[in-house]
Amino acid sequence: MIDFLEEVNKRKQDMIDDIDRLCRIPSVLDESTANDGQPFGEQCRIALEEMLAIGKRDGFICENVDGYAGHIDIGEETEAFGILGHLDVVPCNKEGWNTDPYQMVIKDDKLYGRGVADDKGPLIAGYYAAKIIHELDLPVKMKMRIIFGCNEENGSKCMKYYFTKKPYPAMGFTPDAEFPVVYGEKAGVNFEITGHIEKDNIIGIYAGTRANIVPEVCEVYIVGNYKQYKDSYMQYLSEHGLKGSLEEEGNHTKLVLIGRSAHASTPEQGINAATYMCHYLASISQNQLVHFIDQHFYQDHYGEKLDIAYHGMMGDLTVNLGVLNYKDGHVNMIVDMRVPHEVKDEQLSESIGKHLKEYGLVETHELGKALYIDPQSDFVQSLHNAYVEFTGDHEHQPQAIGGGTYAKSMPNCVAFGVQFPGTDNKIHQNNEEIAIDDLVKATAIYAKAIYELIKK
């Protein structure tokens, strides 16, 4: 019997070194440096080339697909098993990290840094799982194709492009979610809300840069001397256990509120700085945008106040006000929703449109698709059995999530790890981390699962 855990431990330091190589690259979407061969910016291209260099170092066939994505082929069979990961990362907050987010740090048997858990570390885990199968010369009926893109965090344009150029693998998984195996993913839906609302005493409100992150910081510029707001604002922060500040800016006052970031698929795990700020502002301003946000988003992660709440087979519909920009009366908001597959698109647009109309606001929306694979299928059950073998966990069963992954990019694909039940890798948050033992165990699970599905 093959001891995959032992094989992973033999290569543990090499895995960590390769993760370090990738995490040193700040591969955030940068449209200012986008060009031919680097459609998502210079740093994403550098990360893509670095991953390809790892594959070439190990003697595998590698291909760069126009800077959108790349792949490493392990084996020579015609049919392929796909392992899909991403090299781009979300931006880091200026404050809140205990270390440089782009210098991987090992402390207390954990890796810290942007990308160690989402998704550079898991991508390397999948790569090493396939490499172990190859190096042990195990008999297989499929090659293993490690596919990696550079735009997962901003719409997965990378995979959409890649699969116009390359065929789908026969089956596969993406190590970009949680254990156990994820058989369903809610549809990702973005509503962009625009319009004009009279300023009253509000000069500007700014929060969030990405719709798929709960905004951690909100800044407001408001008419009046800071002394007239100081007592009420500091009391508000204290009552809600929040951090923030206020300072004089000429004849105006700047307010800052610090919440807690989280992935938009789990907004209840964060503290939305924009909605908490608007709840305070509603007590000192008649500005209608402030009141709209306060009445429809404050402490409501499930769309109850927008009349779109729904609980289905995949769980609850979730709502995150991810981006808020308000200046000179001009409104721009982006709301991220994760929607169970039973909900009809027109139900959302009709209900939200009704509430927007009251304030003279309008919306445009981008509707994603849900993913659902029978949890009792041989494919899902084979992956789950590998997980159980290495964890002994019979309590947690195949699941559905709100996060969107590359699994939606191709048929017969699911998300599989890398976060274990009861752990928090702080994905999309400050001080992103992963335990080395979890990384090793996940790699062994992947190797076992892949081999069981492709062995002769």
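Coordinates for the structure precede this section.
Below is a short write-up of the structure. (Residues numbered from 1 in each chain as written. Predicted model: local features only at pLDDT ≥ 70, side-chain atom pairs only at ≥ 80, totals over all residues. Heavy atoms only, no water.)

### Quick notes on the environment of Ser351
Next up, step 1: Within the element layout of this structure, Ser351 appears in helix α9 (residues 345-357).
Next up, step 2: A relative accessible area of 10% means that Ser351 is categorised as buried.
Next up, step 3: A sequence separation of 283 residues divides Ser351 from Tyr68, and the C-alpha atoms of the two residues are 37 Å apart.
Next up, step 4: Setting aside anything within four residues of it in sequence, one finds Ser351 in contact with Leu306, Asp307 and Ile308. (Helix = DSSP H or I, 4+ residues; strand = E, 2+ residues; numbered from the N terminus. Buried < 20%, exposed > 50% of the residue type's maximum accessible area, 1.4 Å probe, protein only. Contact = heavy atoms within 4.5 Å.)

### Some details on the sheet that holds strand β4 (residues 105-107)
Next up, step 1: As summarised here, the arrangement of the 3 strands in space is β4-β5-β24, forming an open sheet in which the pairing is antiparallel. With partners counted over all chains shown, the strands left at the sheet margins are β4 and β24 (433-435), one partner each. Averaged over all pairs of adjacent strands, the angle between strand axes in this sheet comes to 25°, irrespective of strand direction.
Next up, step 2: By the bridge criterion, 3 bridges tie β4 to strand β5 (residues 110-112) in an arrangement that is antiparallel. Looking at β5, one finds that Lys107 is bridged to Lys110.
Next up, step 3: Along the sheet, helix α11 (residues 436-454) makes contact with β4, β5 and β24, crossing β24 at roughly 70°. (Pairing = 2+ DSSP bridges. Axes fitted to C-alpha atoms, helices over the stretch in contact; angles between N-to-C directions.)

### Details of the side chain of Glu432
Next up, step 1: If you trace the backbone, Glu432 turns up in the loop between β23 (418-419) and β24.
Next up, step 2: A polar atom in the side chain of Glu432 sits 3.3 Å from the backbone nitrogen of Val116.
Next up, step 3: There is a polar contact of 2.9 Å between the side chain of Glu432 and the backbone nitrogen of Ala117. (Polar contact = N/O pair within 3.5 Å; in protein donor to acceptor, adjacent residues only side chain to side chain.)

### Comments concerning the sheet that holds strand β14 (residues 252-258)
Next up, step 1: Taken together, the 8 strands give an open sheet; going across it, the order is β13-β14-β12-β11-β17-β18-β10-β19, and neighbouring strands pair in antiparallel fashion. Among the strands making up the open sheet, the edge pair consists of β13 (243-249) and β19 (362-367). Strand-to-strand twist across the sheet, computed as the mean angle between neighbouring axes with direction ignored, equals 20°.
Next up, step 2: Two strands pair when backbone bridges link them, and strand β11 (residues 202-207) and strand β12 (residues 217-223) are joined in this way by 5 bridges, in the antiparallel orientation. Bridge pairing links Ala207 to Cys218 in β12.
Next up, step 3: Docked against the sheet, helix α6 (residues 227-239) engages β12, β13 and β14, running at close to 165° with respect to β13.

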